[in-house]
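Notes for the structure review
In case you want the letters, here they are:
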Amino acid sequence: MSNIVIVGAQWGDEGKGKIVDMFTEYADLIVRFQGGNNAGHTIVVDGEKTVLHLIPSGILHPNKKCIIGNGVVVDPEVLIEEIDALKKRGRFDDERLLISEDAHMIMPYHKKIDAAMESIRGTRKIGTTGRGIGPAYEDKTARTGLRFADLIDEKVFREKLKFALMEKNHILSSLFHQSGFEVHDIYEQYMQYAERLGRYVANTSIYINDEIKKGKKVMFEGAQGTLLDVDHGTYPYVTSSNTVAGGACCGAGVGPTHIDKVIGISKAYTTRVGEGPFPTELTDMTGDWLREKGQEFGATTGRPRRCGWFDAVVLRHAARVNGLSGMAITKLDILSGLSKIKICTGYRFEGKIYNEFPSNPRVLNGAEPLYEEMDGWVEDLSSVKDIDSLPYNAKKYLKRIEELSGVETTLVSVGMERDQTILIKNPFR
Ligand code: IMP
């Protein structure tokens, strides 16, 4: 048995898509368990780039089953676009996708409320992706959300939509002075989605558990990253779901006794998109250099990512809250050419040293990173295939990351392509 959860160990964009795509070879089922189309997973195969927002990154391998779990919030329009784009390129067949009947849908009013909320937050804005993610999860928790089980029963859908719009139209007009929505318009639009997507809707918890019983291997694909988790991240500058490994159980309908390993993905440096604290952020030329060389622009919104040094405090936090059994370090190749590289080992605030990630926003905002400086390397790493062939200083850098986080490195990525990967230990074996 080998069921593995893949999670981001930083603020998202760690390169999970590539790692999931790579490990798909060893798995039978690939399951997304949280988030929505705020995620953008970029995969490059034979020079062809694919950006996936909702469909699990395993879709590019023929014969693998991809599942959108109950913990995901799905914008049906975006999902249909994604299916069509993959179909056009011969990368999709209908039998390979399932959507949980319990997954909630993003509705047009969620997107409008997301944008309106951000505009009234002023300096306290979160910098959301504007995809309606937060409002959709709010409705799920408030018990007013619409799920795929509702979509495929038009009577139930109409009733629930009517009820939801009573509230949403009131909020839009009274609070934001904006126009609302007509039941009829959304109903017609979503019935078309039902026609297209109905065939994929299933009880995916039963399906996944049955497959596990048969000895099939499951890979649970996280989106965003640990520091964006609604409980364990830099609250309130987080997304609205549990991005940590525990979320895989709730978001897929699988018990924790079925999870064997958790692999955290971390870049060899740090990035963040959107607002919120980021202690090792570099606002100087080195930050700009990392952004340009690492092509650090959001796959979903195109926003420039904030860049900074590697933060071992963040990784220690991620190791603990996820129970990481191993980690994948991505984009090591980007650091080639830096004469000195810094690693943050702790923070100082008002004379006190913090070795663990603090929750207090005042501490986080004022945290002065404590750095260790290491020598860099100049060699191009993009064609290195084994760990021993890495330059001495690159190996030393990886070793230090392992020591500081207490987690062993199972994989190092040195480029976008599948084969630009140094696999040290296969978690499926
Ligand atoms: P939301 O998920 O759109 O509500 O955005 C909340 C915060 O999470 C914002 O700071 C976003 O920039 C960030 N965020 C959401 N999804 C991703 C992602 O896939 N990668 C990186 N940041 C993300």
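So, here is what we can say about the structure in this document. Since we're looking at a predicted model, the values are computed, not measured.

As for helix α8 (residues 204-213)
Restricting attention to buried positions, one finds in α8 the residues Thr204, Ile208, Asn209, Glu211 and Ile212. All buried residues of α8 project into a common sector of 160° when viewed along the axis, lining one side. Residues of α8 that are buried make contact with β2 (29-32), β5 (65-68), β7 (97-100), β9 (201-202), β10 (218-221) and α9 (246-252). Residue Asn203 occupies the N-cap position of α8, its side-chain oxygen lying 3.2 Å from the main-chain nitrogen of Ser205.

What to know about the nonpolar core
Ranked by internal contacts, the top residues of the largest apolar core, which has 54 residues, are Val5, Ile208, Phe220, Leu332, Leu335 and Tyr397. Top element by residues in this core is helix α13 (residues 392-405). It accounts for five residues. Not counting the four nearest positions on each side in its chain, Val5 is found in contact with Phe33, Phe220, Ala245, Ala248, Ile259, Lys261, Val262 and Ile263. If you look at the next biggest cluster of nonpolar residues, it comprises 43 residues, including Ile55, Val74, Ala103 and Leu151.

Quick notes on unusual backbone geometry
Backbone torsion omega between Tyr235 and Pro236 reads 5°, so that peptide bond is classified as cis. Of note in the backbone geometry, His177 takes a positive phi value of approximately 55° without being a glycine. Judged by its relative accessible area of 69%, His177 falls in the exposed class. Residue Gln295 is not a glycine yet carries a positive backbone phi of 50°. Among the structural elements, Gln295 can be located in the loop between α10 (285-293) and β13 (306-308).

Quick notes on the sheet that holds strand β19 (residues 409-413)
Strand order in the open sheet made by the ten strands is β9-β7-β5-β2-β10-β1-β11-β15-β19-β20, with mixed pairing throughout. In this open sheet, the two strands that pair with only one neighbour each are β9 and β20 (421-423). Inspection of the sheet shows β7 paired to β9 by two bridges, in the parallel sense. From the neighbouring strand, Ser100 faces β9, where its bridge partner is Ala202.

As for the site of the ligand
Surveying the vicinity of the ligand reveals 15 residues, the closest of which are Asn38, Thr129, Thr239, Val273 and Arg303. Thr239 is positioned with one of its side-chain polar atoms (N or O) 2.6 Å from an oxygen atom of the ligand. Between the ligand and Arg303, the relevant distance is 2.9 Å, taken from an oxygen atom to a side-chain nitrogen or oxygen of the residue. Considering the ligand on its own, with 470 Å² of exposed area, one finds that the protein chains cover 97% of that surface. Partitioned by chemical class, the residues of the shell around the ligand number six nonpolar, seven polar and two charged.

With respect to the pairing of β10
Note on strand geometry: in a regular strand, side chains alternate between the two faces of the sheet. Residues Val218 and Phe220 line one face of β10 and the alternating positions Met219 and Glu221 line the opposite face, and both faces are buried. Pairing between strand β1 (residues 4-8) and β10: three bridges, direction parallel. Among the inter-strand pairings, Ile4 is bridged to a residue of β10, identified as Met219. Note: β2 against β10, four bridges, orientation parallel. Of the residues in β10, the one forming a bridge with Leu29 is Val218.

Concerning the environment of Val262
Summarising the element assignment, Val262 is placed in strand β11 (residues 261-267). Aside from chain neighbours lying at most four places away, what touches Val262 is Val5, Val7, Ala245, Asn322, Gly323, Leu324, Ser325 and Gly326.

Focus: the packing of aromatic side chains
Scanning the entire structure with this criterion turns up ten aromatic pairs. A centroid spacing of 5.4 Å and a plane angle of 45° characterise the contact between Trp11 and Phe278, whose relative ring orientation is tilted. Here Trp11, found in the loop between β1 and α1 (16-23), pairs with Phe278, found in the loop between β12 (270-272) and α10; they are 267 residues apart in sequence, far enough to count as distant. The buried category is assigned to Trp11, whose relative accessible area is 1%. Relative to Tyr200, the ring of Phe92 lies with its centre 6.2 Å away and its plane at 85°, an arrangement referred to as edge-to-face.

Some thoughts on the pattern of salt bridges
Applying the stated criterion across every chain yields a total of 33 salt bridges. Between Arg199 and Asp94 there is a salt bridge; the shortest N-O distance is 3.3 Å. Here the residue Arg199 occupies a position in the loop between α7 (183-197) and β9, and Asp94 occupies one in the loop between α2 (76-88) and β7, the gap between them amounting to 105 residues. Judged by relative accessible area, which is 19%, Asp94 ranks as buried. Its salt-bridge partner being Glu296, residue Lys267 comes within 2.8 Å of it at the nearest N-O pair. Of this pair, Lys267 sits in strand β11 while Glu296 sits in the loop between α10 and β13, and the two are 29 residues apart along the sequence.

Reading the values: the criteria
- Residues numbered from 1 in each chain as written.
- Predicted model: local features only at pLDDT ≥ 70, side-chain atom pairs only at ≥ 80, totals over all residues.
- Heavy atoms only, no water.
- Buried < 20%, exposed > 50% of the residue type's maximum accessible area, 1.4 Å probe, protein only.
- Helix = DSSP H or I, 4+ residues; strand = E, 2+ residues; numbered from the N terminus.
- Arc of directions from axis to C-beta.
- Contact = heavy atoms within 4.5 Å.
- Polar contact = N/O pair within 3.5 Å; in protein donor to acceptor, adjacent residues only side chain to side chain.
- Core = buried A, V, L, I, M, F, W, Y, C linked by side-chain atoms within 4.5 Å.
- Pairing = 2+ DSSP bridges.
- Near = heavy atom within 4 Å.
- Areas by Shrake-Rupley, 256 points an atom, 1.4 Å probe, with all protein chains shown as cover.
- Nonpolar A, V, L, I, M, F, W, Y, C, P; charged D, E, K, R; others polar.
- Phe/Tyr/Trp six-rings, centres within 6.5 Å; stacked < 30°, edge-to-face > 60°.
- Salt bridge = Lys/Arg side-chain N within 4 Å of Asp/Glu carboxyl O.

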